[in-house]
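Breakdown of the fold
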Amino acid sequence: MTGCLRTLFVAVPVLWVALANAGPLLAMLRISLMQVYPGPPGAAPAFSLDAYASFWQEAGYRASLLRSLGLAAASTAVSLILAYPLAYYVARHVPPARRGRRLMLLIAPFWTSEVLRMFALVLLLSNRGALNFVLRWLGLSETPVHLLYGTGTVLAGMVYTVFLSMLLPLYAAVDRMPAHVLDAAATLGAGAWRRFWRVTLPLTARGVASGAVLTYLSALGVFTAAALLGGVSTLVFATTIADLFGAASGRWPLGAAFGFILLTISTACVAGVAALPALFVPDDRPRRDT
Amino acid sequence: MAAGLQTLLPRLSRRSLVAGGALAVPFLRSSRAVAAEMLNITAYDGFVPPDFQKRFETETGTQIRIRPVASQAPELTLLTAERDHPITDICTVVGTRLHQFVADGIIEPVDTARLKNWNKLNPLYAGADWNHVNGAIMSVPLVIGANVLVYDIHEVTPPPDTWFSLFDVKYKGRVTYDIEDFLLCTMLAQGADPTFVSYLDHPDGAAKAVNAARDLLIRNRAQVVRFFDEGSELEQLLTGGDAVLAQTYASTPARLILSGQPFRRVVPKEGTLAYVYTFAIVKNAPNRDGAYRFLDAMLGAPGMGATLTRSAGYASSFLDADQGLSEAEQAAYGLPKDALARVRFPRFEGQALSSSLIDRAVEEVKAG
């Protein structure tokens, strides 16, 4: 009976992963290889690599992928710059009793829908929005300042979307850092910057790496920010894929193929970043003396 | 694992299965009974007016189950997935996508002899060419969305009267449009045939016309603040002051005008392309009789034209379309008689050629 229960305990999650993850992926892989989808009723599907070839034939598709990669990198960098001091402050300077509440305050906005948060940004930044109202009221501008629908707005929206993916791993890394090593460095005469570069950063590098991977992958797939805040020159790969699925004209094989191209790039990114700490960052895990 | 399942299955079959089966029988019977009185409809928001739905349900005992859809792509996907065993009786088809619903075997011709109120429809729509496939009528027209120019009366002077006003450098960075629809409107303004019927014998001419419109859009991308897909995006662009001039067939401008916002709509002098939203009967619909009863009741309901206009946000295809609408509502939703003469409808025969060229051109405009 124990063996049977153990089998069930393993079988249920395996089945879930197979059905919820592998199943749709395999279905999409099949569609990406189909020449026409949906095919005519009763006809056997024909398969080809045409959809994958289209990616290399069209400069526009490659441009939107490159834009996505660039924006994802930029939003990862901006998130890191914003989240690191915040994580450090909460983990090192807020008394432990209040830490939970502070973290909740930071996380609370993310409990609302992503679409809602993006629309809030639209209301804030539009020509007749709150920010332009304040600028006019202060006499800083007589005509509306165009803040929306540019690369900067999309970047801001992406950072707003993926910020938590950076903050939480960083907080965990800073929180785990032993306080006495900083005290020891200070006692030995290291200044604030030196302590940061030589002690804090190396000891939290794994958190930075995890946060960067999570943030970059999330940013690569961000759709809402690009769709709602983007303009004519900010087309990203996620919106290209969504457009292909939304065209209602048999463009699903192309959309599915592009999804797989993005998945391959994401996997390569994870593999690449996962290899980085082993090369550059000292292992901060406790070692057993031999 | 196999051993584990083997030890479990005999227990299930002896006790639980018998008990579960006994419990399931009345459920299955009741669900089959309910299914006979059920009518499944995929519809856009407001296409089944709530008051009419309640009345129909009370009078006929049929329960209407509406599956809301916002655009043709997801609806087409859903119905294609169910094609072999349909659970939907009536679906919403926009005139431009009729060919796909027919080609994919999703809808069947409408037997107008079973609709005694068919004559309540305006013959302009009821007997239209675009609604005929091999001599059969394919759908019941409900409302019409005509492409119009929408402009902010304080910012756009003089009022625009041509599709080319969207390329005016005066409005740089303050123009918005739906690429697919505006591409067709641009073709119309350039003197090409946006129905594609005249190109059926020489597709090269169609490609040339589409490319000319596409190139004009690409050359004037600087005028565009953003391309929109949904009416809600257009509403935000207009009310936020980020766009002052737009092309659209969405119902959004009518609502804005009626709420007192400083916008007006106009059919340009070159004419326009209009899309008819229809209800069609799903091929092998499980409740085909109920579907005909519902459609006939809808066509025959007094004041349905005005009711549909208010709930769906578009001019209706009924003969009494304007009856019951205020002057302001008529101005916001309707099409003036002189404009009606300049309206063209996408044709079934040209849609496959159109799709093969337009979708690619849209991507190229987006990519710049």
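Residues numbered from 1 in each chain as written. Chains lettered and ligands numbered in written order. Predicted model: local features only at pLDDT ≥ 70, side-chain atom pairs only at ≥ 80, totals over all residues.

**Notes on the overall build of chain A**
Regarding its fold elements, chain A presents twelve helices and zero strands. For 290 residues, the compact-globule estimate of 2.2 N^0.38 gives 19 Å, and chain A exceeds it by more than 25% at 24 Å. With the principal axes as the frame, chain A shows a C-alpha extent of 80 × 75 × 40 Å. The burial tally for chain A puts 32% of its 290 residues in the buried class. (Helix = DSSP H or I, 4+ residues; strand = E, 2+ residues; numbered from the N terminus. Rg over C-alpha atoms; globule rule 2.2 N^0.38 Å. Buried ≥ 20, exposed ≤ 12 C-beta atoms within 10 Å, placed from the backbone.)

**Some words on the overall build of chain B**
Broken down by element type, chain B carries 14 helices and 15 strands. Its C-alpha atoms give chain B principal-axis dimensions of about 80 × 55 × 45 Å. Among the 368 residues that make up chain B, the fraction classed as buried is 45%. Taking as baseline every contact in chain B between residues at least 6 positions apart, the subset at least 24 positions apart corresponds to 78%. (Contact = placed C-beta atoms within 7 Å.)

**Examining the interface of chain B and chain A**
In this assembly, 31 residues from chain B lie in contact with 29 residues from chain A. Of all elements in the fold, only α1 (2-36), α3 (72-81), β10 (224-227) and α14 (348-367) of chain B reach the threshold of two or more residues within the side of chain B that touches chain A. Among the elements that make up the side of chain B that touches chain A, the one with the highest residue count is α14(B) (six residues). Among the residues making up the side of chain B that touches chain A, the classes are represented as eight nonpolar, 13 polar and ten charged. (Nonpolar A, V, L, I, M, F, W, Y, C, P; charged D, E, K, R; others polar.)

**Re unusual backbone geometry**
Excluding glycine, most residues fall at negative phi; most peptide bonds, likewise, are trans. All names here are of chain B. With an omega of -10°, the peptide bond running from Thr-157 to Pro-158 counts as cis. On the secondary structure map, Pro-158 appears in the loop between β8 (148-152) and β9 (175-177). Backbone geometry places Asn-134, a non-glycine residue, at a positive phi of 50°. Take Asn-134: it is sitting in the loop between β5 (132-133) and β6 (136-137). Take Asn-134: there are 8 C-beta atoms within 10 Å of it, and that puts it in the exposed class. You will see that Phe-196, though not glycine, has its phi angle at about 70°, which is positive. Relative to the helices and strands, Phe-196 is located in the loop between α6 (179-189) and α7 (203-219).

**Comments concerning helix α11 (residues 237-246) of chain A**
With respect to burial, α11(A) is a largely interior element, seven of its ten residues being buried. Looking only at α11(A), the buried set comprises A:Phe237, A:Ala238, A:Thr239, A:Thr240, A:Ile241, A:Asp243 and A:Leu244.

**Considering the sheet that holds β10(B)**
All names here are of chain B. Read from one edge of the open sheet, five strands run β10-β9-β11-β8-β12, paired in mixed fashion. Both edges of this open sheet fall to β10 and β12 (263-266), since each of them pairs with a single strand only. Each neighbouring strand pair of the sheet contributes to a mean axis angle of 20°, computed without reference to strand direction. Pairing analysis gives three bridges linking β9 to β10, with the strands arranged parallel. Note that in β10 the partner of Tyr-177 across the bridge is Phe-227. Sitting on the sheet, helix α8 (residues 231-239) is in contact with β9, β10, β11 (245-248) and β12, with an inclination near 165° to β11. (Pairing = 2+ DSSP bridges. Axes fitted to C-alpha atoms, helices over the stretch in contact; angles between N-to-C directions.)

**Observations regarding the nonpolar core**
If you look at the biggest cluster of nonpolar residues, it comprises 159 residues, and the most contacted ones within it are A:Ala87, A:Leu170, B:Ile107, B:Val175, B:Leu183 and B:Leu245. Examining the composition of this core, we find that twelve residues originate from one element, helix α7 (residues 151-176) of chain A, more than from any other. Two domains each provide a minimum of three residues to this core, namely domain 1 (34-143 + 275-334) and domain 2 (146-273 + 345-367) of chain B. Residue contacts for B:Leu183: discarding those within four places in its chain leaves B:Ala213, B:Arg214, B:Leu217, B:Ile358, B:Ala361 and B:Val362. (Core = buried A, V, L, I, M, F, W, Y, C linked by C-beta atoms within 7 Å. Domains from an automatic or database assignment.)

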